[in-house]
Amino acid sequence: MYVPLLRPFFFMCCSFRYAQILIGFCWFLTAMAIYLSIWVAPSDFQQGENYRIIYVHVPAAWMSLLIYIAMAISVVFWSCQCPALRASLIGQQIHEKQL
């Protein structure tokens, strides 16, 4: 399956154009999230100010899980596309059958 939009040259041209805009937007969103989670979010009655760490910690934990899942999916997809890796996996399966 060949998708012309995913050619490296085309992708690099588009990503180079939009990289500075996206990086600036990400920094802005990060600054807003920190401001909202530290100064605007209400404190808890029993835990006080220590409760606000949840507003930072939980999204960070979810993002780390999302990154692990994305990496696992990309490794499976890449292993199906790469001929050298596919050959090594087939060779490993043949070796296991012989034992």
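Just above sits the structure.
Residues numbered from 1 in each chain as written. Predicted model: local features only at pLDDT ≥ 70, side-chain atom pairs only at ≥ 80, totals over all residues. Heavy atoms only, no water.

Visitor: Would you mind going over a nonpolar patch on the surface in detail, with residue names and values included?
Guide: Together, Phe25, Phe28, Leu29, Met32, Ile34, Tyr35, Leu36, Ile38, Trp39 and Val40 make up a nonpolar patch on the protein surface, roughly 1,000 Å² of accessible area in all. Within the fold, Tyr35 resides in helix α1 (residues 8-40). (Patch = residues over 30% accessible without salt bridge, like charges linked within 9 Å, V, L, I, M, F, W, Y side chains within 5 Å. Areas by Shrake-Rupley, 256 points an atom, 1.4 Å probe, with all protein chains shown as cover. Salt bridge = Lys/Arg side-chain N within 4 Å of Asp/Glu carboxyl O. Helix = DSSP H or I, 4+ residues; strand = E, 2+ residues; numbered from the N terminus.)

Visitor: Give a description of the packing of aromatic side chains that names residues and reports values.
Guide: Scanning the entire structure with this criterion turns up 2 aromatic pairs. Ring centres of Tyr35 and Trp39 lie 6.0 Å apart, and the angle between their planes is 35°; this geometry places the pair in the tilted category. One end of the pair is Tyr35 and the other is Trp39, both in helix α1 and 4 residues apart, which spans about a single turn. Residue classification places Tyr35 among the partly exposed residues on the basis of a relative accessible area of 42%. Taking relative accessible area as the criterion, Trp39 reaches 60% and is therefore assigned exposed. Considering the side-chain rings of Tyr51 and Tyr55, the 5.9 Å spacing of their centres and the 90° angle between planes classify their relative orientation as edge-to-face. We classify Tyr51 as partly exposed; its relative accessible area is 26%. (Phe/Tyr/Trp six-rings, centres within 6.5 Å; stacked < 30°, edge-to-face > 60°. Buried < 20%, exposed > 50% of the residue type's maximum accessible area, 1.4 Å probe, protein only.)

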